[in-house]
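Coordinates in review
Chain by chain, the residues run as shown.
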Amino acid sequence: MTEKDFLPKHTEALPESGKVAWKAPSNIALVKYWGKKENQIPANPSISFTLDACATRTTLSFQKKETTSKFSFDLYLDGKPKADFKPKIEVFFDRIAEYVPFVKEYHFVIETSNSFPHSSGIASSASGMSALALCLMDLERQMQPNMDPSFFMRKASFLARLGSGSACRSLEGDLVVWGKHESIEGSSNLFGLKYPFKVHDNFKHYHDTILLVDKGEKQVSSTVGHNLMHGHPFAKERFKQAYQNLTSLQAILKSGDLAEFVKVVESEALTLHAMMMSSNPYFILMKPNTLEIINKIWSFRKETQMPVCFTLDAGANVHVLYPESIKESVIQFVQDELVAHCDNGHYICDRIGTGAKKLIIPKK
Ligand code: PMV
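Residues numbered from 1 in each chain as written. Predicted model: local features only at pLDDT ≥ 70, side-chain atom pairs only at ≥ 80, totals over all residues. Heavy atoms only, no water.

As for the site of the ligand
This is how it is decided: Summary of the distance rule: residues count as near a molecule or strand when at least one heavy atom falls within 4 Å of that molecule or strand. In protein, a polar contact requires one atom able to donate a hydrogen and another able to accept it; more generally it is a pair of N or O atoms within 3.5 Å, and residues adjacent in sequence count only if both atoms are side-chain atoms. Throughout, the Shrake-Rupley method with a 1.4 Å probe supplies accessible areas, and for residues the shown protein chains are the sole cover considered. Any residue that is not Ala, Val, Leu, Ile, Met, Phe, Trp, Tyr, Cys, Pro, Asp, Glu, Lys or Arg is counted as polar, Gly included; the first ten are nonpolar and the last four charged.
In the region of the ligand, the neighbouring residues are Ala29, Lys32, Tyr33, Trp34, Ser164, Gly165, Ser166, Arg169, Ser222, His226, Leu272 and Ala314. Contact distances for the ligand include 2.7 Å between an oxygen atom and a side-chain N or O atom of serine 166. Interatomic distance of 3.0 Å between a side-chain N/O atom of serine 222 and an oxygen atom of the ligand. Relative to its unbound accessible area of 380 Å², the ligand is 90% covered by the protein chains. Of the residues contributing to the shell around the ligand, the split by class is 5 nonpolar, 5 polar and 2 charged.

Structure, rendered in structure tokens:
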């Protein structure tokens, strides 16, 4: 598929007004996306677990307006106006207008809330952008009632990508690939693809306990971080490595080899941060407690031989990943040894999820 496949082809008239709502999950990358080309095209393919508990709920109310020259919307987070999110949505609307021109025809009220604490240091851009993209596609579907369900998801992912790259992996469960990889048929730089191969039972119901090490705002945004990969001395090798890691991970997901899984996932996390530390200008997002936790996970794994590992996103928080079979021991370990390194002892117990859901709006 190409960009052209997502250009509009409405058959029915635009509805006057209405309201739709979607809940979309967050995701955690196993092979990381870090570095992009123009138009939100990733420099390498990535793969993520879709999460379950960490999610955004968005209600989109729409009302036809007179003039179509500008975008018009109000934005609320947890019921309160959120002016500082507006520029990001404005950029998003601008990028997607070619594909969903009706965005200029309406005044929107966007009401959004996150399941995870507001300032938890967990990025809400992936779940937030995918929930909004799904709402917009729901509106488009009203003008094209025979839309194919797989096209609906694909275009929603395509739109979400234009809001925040990794958001295109936040629609379906339980593993999603984004970026062209020769051995994954249907994979694309334009949208996320539900992992098309059979996955070993070891990876069913995988857990992700998110340790909130630093709940503050990140000092360096991911937009800036991605840009620093242009001209980065190790960029070319890094993109090659990510591609190869996705190849290795395919064999691992098939065989259920947890020891190899641990190696690939931890190496990806540390390489992501190594890229940040070797950018120009360089920066560090990990905190002392991030390293304390990593060392404790390594000691615990050595002592118990249990396949628990960590990954990191673009921040200081640590995602502790482990299979269902060892969940009691790991939760105990988290409580006994790791909680002490979390901001106010906060952590979130999450697990692999099944993807976004349409929400029923109660009739008044
Ligand atoms: O989608 P962005 O632009 O916020 O970038 C996300 C980058 C990482 O979370 C660090 C990695 C990834 O693949 O999700």
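Some words on the packing of helix α7 (residues 288-304) against helix α8 (residues 327-338)
Two quantities define a packed helix pair, namely the angle between the axes and the distance from one axis to the other. Convention followed: The angle between two axes is taken between their N-to-C directions and runs from 0 to 180 degrees, where each axis is a line fitted to C-alpha atoms and a helix contributes only its stretch in contact. In this description a helix means any DSSP run of H or I spanning at least four residues, a strand means any run of E spanning at least two, and both kinds are numbered starting from the N terminus. To sort the angles, those under 35 degrees are grouped as roughly parallel, those over 145 as roughly antiparallel, those from 65 to 115 as roughly perpendicular, and the leftovers as oblique. It is the rotation of the near helix from the far one that decides the hand of a crossing: anticlockwise by less than a right angle makes it left-handed, clockwise makes it right-handed. The criterion used for residue contact is that any of the two residues' heavy atoms lie within 4.5 Å.
Across the interface, α7 lies against α8 with an axial gap of 11 Å and an inter-helix angle of 135°. For the element pair α7 / α8, the angle class is oblique. The handedness of the crossing between α7 and α8 is right-handed. Here α7 contributes Ile293, Lys296, Ile297 and Phe300 to the contact with α8, which in turn contributes Ser329, Phe333, Glu337 and Leu338. When grouped by side-chain class, the residues that make up the contact of α7 with α8 number 5 nonpolar, 1 polar and 2 charged.

Concerning the pattern of salt bridges
What counts here: For this document, the term salt bridge refers to a Lys or Arg side-chain nitrogen within 4 Å of an Asp or Glu carboxyl oxygen.
Applying the stated rule across the entire model yields 12 salt bridges. Residue lysine 82 pairs with aspartate 84 through a salt bridge whose shortest N-O separation is 3.4 Å. With a closest N to O distance of 3.3 Å, lysine 240 and glutamate 237 form a salt bridge. One end of the pair is lysine 240 and the other is glutamate 237, both in helix α5 (residues 235-255) and 3 residues apart, which spans about a single turn.

Points about the side chain of arginine 238
Our working definition: Burial status follows relative accessibility: with a 1.4 Å probe on protein chains alone, a residue under 20% of its type maximum counts as buried, one over 50% as exposed, and anything between as partly exposed.
Along the chain, the position of arginine 238 falls in helix α5. Looking at arginine 238, the relative accessible area reads 3%, which means it is buried.

Here's the deal with the pairing of strand β4 (residues 46-64)
The side chains of a regular strand alternate between both faces of the sheet. To be explicit about the condition: Paired strands, in this sense, are two strands between which DSSP finds at least two bridges.
Inspection of the sheet shows strand β1 (residues 17-31) paired to β4 by 13 bridges, in the antiparallel sense. For valine 31, the partnering residue across the bridge sits in β4 and is isoleucine 47. Relative to strand β8 (residues 175-178), β4 runs antiparallel, the two sharing 4 bridges. Looking at β8, one finds that serine 48 is bridged to valine 176. In this structure, β4 lies alongside strand β7 (residues 106-114), joined through 9 bridges in antiparallel fashion. In the sheet register, serine 61 faces β7, and the bridge partner there is valine 109.

Some thoughts on unusual backbone geometry
Looking along the chain, the bond that leaves glycine 173 and enters aspartate 174 is cis, with omega of -15°. Relative to the helices and strands, aspartate 174 is located in the loop between α3 (149-163) and β8. Cis geometry marks the peptide bond from asparagine 280 to proline 281, where omega comes out at 0°. Within the secondary structure, proline 281 is located in the loop between α6 (258-277) and α7.

Quick word on the side chain of serine 127
In this structure, serine 127 sits in helix α2 (residues 125-143). Given the relative accessible area of 0%, serine 127 is considered buried. The residues contacting serine 127, other than those within four sequence positions of it, are Ala24, Pro25, Ser26, Ala55, Thr56, Phe116 and Ser170.

Remarks on the environment of histidine 181
Structurally, the position occupied by histidine 181 is in the loop between β8 and β9 (192-194). The exposure class of histidine 181 is buried, given its relative accessible area of 1%. Separated by 157 residues in the primary sequence, histidine 181 and alanine 24 have C-alpha atoms spaced 25 Å apart. Once residues within four sequence positions are removed from consideration, histidine 181 is found in contact with Pro45, Ser187, Tyr243, Leu246, Thr247 and Gln250. At 3.3 Å, the side chain of histidine 181 and the backbone oxygen of tyrosine 243 are in polar contact.

Considerations on the nonpolar core
Rules: To define a nonpolar core, start from buried Ala, Val, Leu, Ile, Met, Phe, Trp, Tyr and Cys residues and group those joined through side-chain atoms within 4.5 Å.
One finds Phe93, Ile96, Val103, Phe108, Ile110, Leu134 and Leu136 to be the most contacted residues of the largest nonpolar core, which totals 47 residues. Broken down by element, this core gets its largest block of residues, 11 residues, from α2. Discounting chain neighbours no more than four positions away, the residues touching valine 103 are Phe71, Phe93, Ile96, Ala97, Phe108 and Leu136. In this structure, Val199, Phe203, Leu258 and Val262 belong to the second largest nonpolar core, which totals 33 residues.

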